[in-house]
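Architecture at a glance
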Amino acid sequence: MQRNISMPENSAASDIDDSLLYKEKIPNIGDRLKDGISRGCSLSTIARKFPIIGWLPKYEASFLLQDFIAGFTVGLTTIPQAIAYGVVAGLEPQYGLYSAFMGCFAYIIFGSCKDVTIATTAIMALMVHQYAVLSPDYAVLVCFLAGCLILLMGLLNLGVLVRFISIPVITGFTIAAATTIGSAQINNLFGMASPSNDLIPAWKHFFTHLNKIGWYDAALGVTSLVFLFLMKKTKDIPYGNRTFWKYVSLSRNALTVIIGTCLAYGLSRDGNQPFRVTGNITAGLPPFRPPPFHTIVNGTEVSFGEMLNNIGASLASIPLVAILEIVAISKAFSKGKIVNASQEMVALGMCNIMGSFVSSMPVTGSFTRTAVNNASGVKTPLGGAVTGALVLMALAFLTQTFYYIPKSTLASIIIAAMISLMEFEKVRDTWRSKKKDLFPFVATLIPCMFWSLEYGILCGMVANISYILYSSAKPQIKLNIEKVLDYEVGLVEVKQKLDFASAEYLKEKVVKFVNLNTVNLIIILGQEINSIDYTVAMNLITLREDLKILKCDLICWNWNISSAGVVCRLNNEMREIFYFEKSLEEVLTKYHQQEHSNNVSENSLYTLA
């Protein structure tokens, strides 16, 4: 029989030039480094780091109104959420507003996706909470350091790293974070002060203090939650002006806060307040100053090194989560355009660095506000300027009004936002498509919920890497016996790339196969082997020696020049096992001719002896 396997392009003839096997192509590192520096310093590369240079000259007057409407609508959503997430972070509410405007302005210059809105998110607030409660300076320092790391990674074009985190890991992290954040607000929803924002302690406090429920707060909180869900559905009303109903739906957070604030203000009498309210919010804009590199906690000065030691693993996990959020959001709203993950990292890094100068906690892309921005018909990133300006106006003129915002109203907004992040449909789809992928999902979900978000996502990444390593260590290898020219040979087909992890596995499979079958020749097909390393080459050499003990020969057929060269340069005698003929028939014919020639030579030497 003849197997229809094509020859590699670089070994199309049987009489290849052996010099190609013994000459390794080594890239000129100096030239590559020089070219990389030249490209990195070119005007076109620098211009790509400032996307505003590309879209601003093309800006049309007709875009202005749509950008204004979108930015204003996002601003109405941002203000109440920013206040709420400031509370989630364990900071005074104004810190949420401090985090909500600088990113909007910076993203206009560096961002590449028109829909993305930069601000603090519930997940960022939760991750910084354990340090922010010690001092707000921790949150600001983490914002600066995270921005520097993200910017450096973006400039080094390391956006490719986010590909190593699978959707099940992201889904598990998001569901766990949403569950934890929503659970932490259950006490505020019912008018109780919770001592902890962790999942189990929050629910334990709720069920052990049911006698302390504030019934006015509970009524307002539950009503606000129902109102938010009903308002979310108004966009689907088939009657009247669909655009009007869409904007009514988009403004649900702002309307909920306005109604709750009016009730709290109207029902207050002589300083008596039926609801637990936000309280005083420091009026005015934040001072523009460098981030703090030391702080004072309980009267004790804490140095920069001690602050870093307290922050610990969060210095890596917070930038990672921030990158994941903004890249995922950018891809979701890219509308067929290719998202440059590295450029989004540059933009996010600059947003955090600049934000740290106005006392911001870490920020990233917000899915909720980005969805509002997209639904509002934004045309360019310039809509962020309107959002940022609205937040600044709120800080300057409306902080006294924020005093009366009920905590149960803010809790309902957070819980409603977290419920929308529960991506159970992705869990269902994973179960339907490939159940094994639920392993990294569970490996992320459980630690995130009951340990910490930082270590949870690390566990998910380890689970992902274990999948990759397992498939690398045990590639698909097909072994069977075929009859060619009246000779029975063992054919080995490797369906994946060979590397050091799989080298020993290949050797074990072949030796076991020869022990179980009567075969005198093993042929390893190389059409799907793109490259090998030193470990694979060494294992091929020892495999040949093992097969000789079993009175079996080894042939490598149809390998590309670079892979065969690794083996031949390691051991010159291995050249004779590589065949580059066009068909198996030709390979076996040449092999048996050489065997016959070797036998004749050996007999002649025996006769002479």
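The structure this text deals with has already been given above.
Residues numbered from 1 in each chain as written. Predicted model: local features only at pLDDT ≥ 70, side-chain atom pairs only at ≥ 80, totals over all residues. Heavy atoms only, no water.

If you tally the helices and strands in the protein, you get 28 helices and nine strands. Counting only residues that meet the buried cut, the protein has 51% of its 609 residues in that class. In the protein, the proportion of contacts linking residues at least 24 apart, taken out of those at least 6 apart, comes to 80%. For the protein, the exposed area adds up to about 29,900 Å²; of that, 61% sits on carbon and sulfur atoms. (Helix = DSSP H or I, 4+ residues; strand = E, 2+ residues; numbered from the N terminus. Buried < 20%, exposed > 50% of the residue type's maximum accessible area, 1.4 Å probe, protein only. Contact = heavy atoms within 4.5 Å. Areas by Shrake-Rupley, 256 points an atom, 1.4 Å probe, with all protein chains shown as cover.)

Taken as a whole, this structure holds five salt bridges when the rule is applied. Across the pair Asp546 and Lys507 runs a salt bridge, and its minimum N-O distance is 3.4 Å. Of the two residues, Asp546 is situated in helix H26 (residues 534-549) and Lys507 in helix H25 (residues 500-516); the sequence distance between them amounts to 39 residues. The partner of Arg544 in a salt bridge is Glu576, with the nearest N and O atoms 2.4 Å apart. Note that Arg544 is positioned in helix H26 and Glu576 in the loop between helix H27 (561-570) and strand E9 (578-579), a separation of 32 residues in sequence. For Arg544, a relative accessible area of 12% puts it in the buried group. It is possible to trace a salt-bridge network through shared partners that takes in Arg428, Asp429 and Arg432. (Salt bridge = Lys/Arg side-chain N within 4 Å of Asp/Glu carboxyl O.)

Taken together, the eight bridges between strand E5 (residues 477-484) and strand E6 (residues 487-494) define a ladder with antiparallel strand orientation. Counted as the bridge partner of Ile477 is Val494 from E6. (Pairing = 2+ DSSP bridges.)

The next subject is the sheet that holds strand E8 (residues 553-557). In spatial order, the strands read E5-E6-E7-E8-E9; together these five strands make up an open sheet with mixed pairing. If you trace the sheet from one side to the other, it starts and ends with E5 and E9, each paired once. The strands touched by H25 are E5, E6 and strand E7 (521-525); relative to E5, the strand with the most contacts, the crossing angle is about 40 degrees. Contacting E7 and E8, H26 crosses the sheet at an angle of about 145 degrees to E8. (Axes fitted to C-alpha atoms, helices over the stretch in contact; angles between N-to-C directions.)

What follows covers the pairing of E6. In terms of burial, E6 is a largely internal element, six of the eight residues being buried. What sits between E5 and E6 in their antiparallel hairpin is a turn of two residues, with Leu485 showing a positive phi close to 55 degrees. Summarising the sheet, E6 and E7 pair through four bridges and their orientation is parallel. When the sheet's bridge partners are listed, Glu493 is paired in E7 with Leu525.

Evaluation of the coordinates by the stated rule reveals 13 aromatic pairs. Ring geometry for Phe68 and Phe72: centres 6.2 Å apart, planes at 20 degrees, overall stacked. Of the two residues, Phe68 and Phe72 both sit in helix H4 (residues 61-88), four residues apart, roughly one turn of that helix. Owing to a relative accessible area of 46%, Phe68 belongs among the partly exposed residues under this scheme. Pairing Trp203 with Phe206 gives two aromatic rings, centres 6.0 Å apart and planes at 90 degrees, and the pair type is edge-to-face. Remark: Phe206 and Trp203 occur in helix H11 (residues 199-208); sequence separation between them is three residues, near one turn of the helix. (Phe/Tyr/Trp six-rings, centres within 6.5 Å; stacked < 30°, edge-to-face > 60°.)

Take the packing of H25 against H26 next. Running from N to C, H25 and H26 point in directions that differ by 15 degrees, and their axes come no closer than 8 Å. When the interaxial angle is binned, H25 and H26 end up roughly parallel. Helix-helix and strand crossings are classified by hand; for H25 and H26 the assignment is right-handed. On the side of H25, the interface is formed by Phe500, Ala503, Glu504, Lys507, Val510, Val511 and Val514, while H26 contributes Thr535, Val536, Asn539, Thr542, Leu543, Asp546 and Leu547. The residue makeup of the contact of H25 with H26, split by class, is eight nonpolar, three polar and three charged. (Parallel < 35°, antiparallel > 145°, perpendicular 65-115°, else oblique. Left-handed = near helix turned anticlockwise from the far one by under 90°. Nonpolar A, V, L, I, M, F, W, Y, C, P; charged D, E, K, R; others polar.)

With that out of the way, let us pick up a nonpolar patch on the surface. A cluster of nonpolar side chains, namely Leu65, Phe68, Ile69, Phe72 and Leu76, defines an oily patch on the protein surface of about 430 Å² accessible area. The partly exposed category is assigned to Phe72, whose relative accessible area is 36%. (Patch = residues over 30% accessible without salt bridge, like charges linked within 9 Å, V, L, I, M, F, W, Y side chains within 5 Å.)

By the element assignment, Ala184 lies in helix H9 (residues 167-184). We classify Ala184 as buried; its relative accessible area is 4%. Separated by 14 residues in sequence, Ala184 and Asp198 place their C-alpha atoms 6.4 Å apart.

A few words now on the side chain of Ser408. Inspection of the secondary structure assignment puts Ser408 in helix H21 (residues 407-420). Look at Ser408 and you get buried, because its relative accessible area is 0%. Discounting residues that sit within four places of it in the chain, Ser408 has contacts with Asn188, Leu189, Asp217, Leu220, Gly221 and Arg276.

With that settled, the discussion passes to unusual backbone geometry. If you check the backbone angles, Asn157 has positive phi at about 55 degrees while not being a glycine. Following the sequence through the fold, Asn157 ends up in the loop between helix H8 (136-155) and H9. Although it is not a glycine, Asn558 sits at a positive phi angle of roughly 70 degrees. Among the structural elements, Asn558 can be located in the loop between E8 and H27. Classification of Asn558 as buried rests on a relative accessible area of 0%.

Moving on: the environment of Ser194. Among the secondary structure elements, Ser194 is positioned in the loop between helix H10 (186-189) and H11. For Ser194, a relative accessible area of 25% translates into the label partly exposed. A C-alpha to C-alpha distance of 9.8 Å links Ser194 and His209, two positions 15 residues apart in sequence. Apart from the residues within four sequence positions on either side, Ser194 is in contact with Asn187, Ala202 and His205.

The next subject is the state of the cysteines. In this structure the tally under the stated criterion is zero disulfides. No disulfide involves Cys448; its sulfur sits 7.9 Å from the nearest other cysteine sulfur, which is in Cys459. (Disulfide = S-S within 2.5 Å.)

The next thing to look at is the packing of helix H6 (residues 102-110) against helix H19 (residues 383-397). Remark: H6 packs on H19, axes separated minimally by 7 Å, with the N-to-C direction vectors making an angle of 160 degrees. Taken together, H6 and H19 sit at an angle that is classed as roughly antiparallel. For the element pair H6 and H19, the recorded crossing hand is left-handed. Counting all contacts with H6, which are made through Cys104, Phe105 and Ile108, the residues of H19 involved are Gly384, Ala385, Thr387, Gly388, Ala389 and Leu392. For the contact of H6 with H19, the per-class residue count stands at six nonpolar, three polar and no charged.

Shape descriptors only; they carry no functional weight alone.
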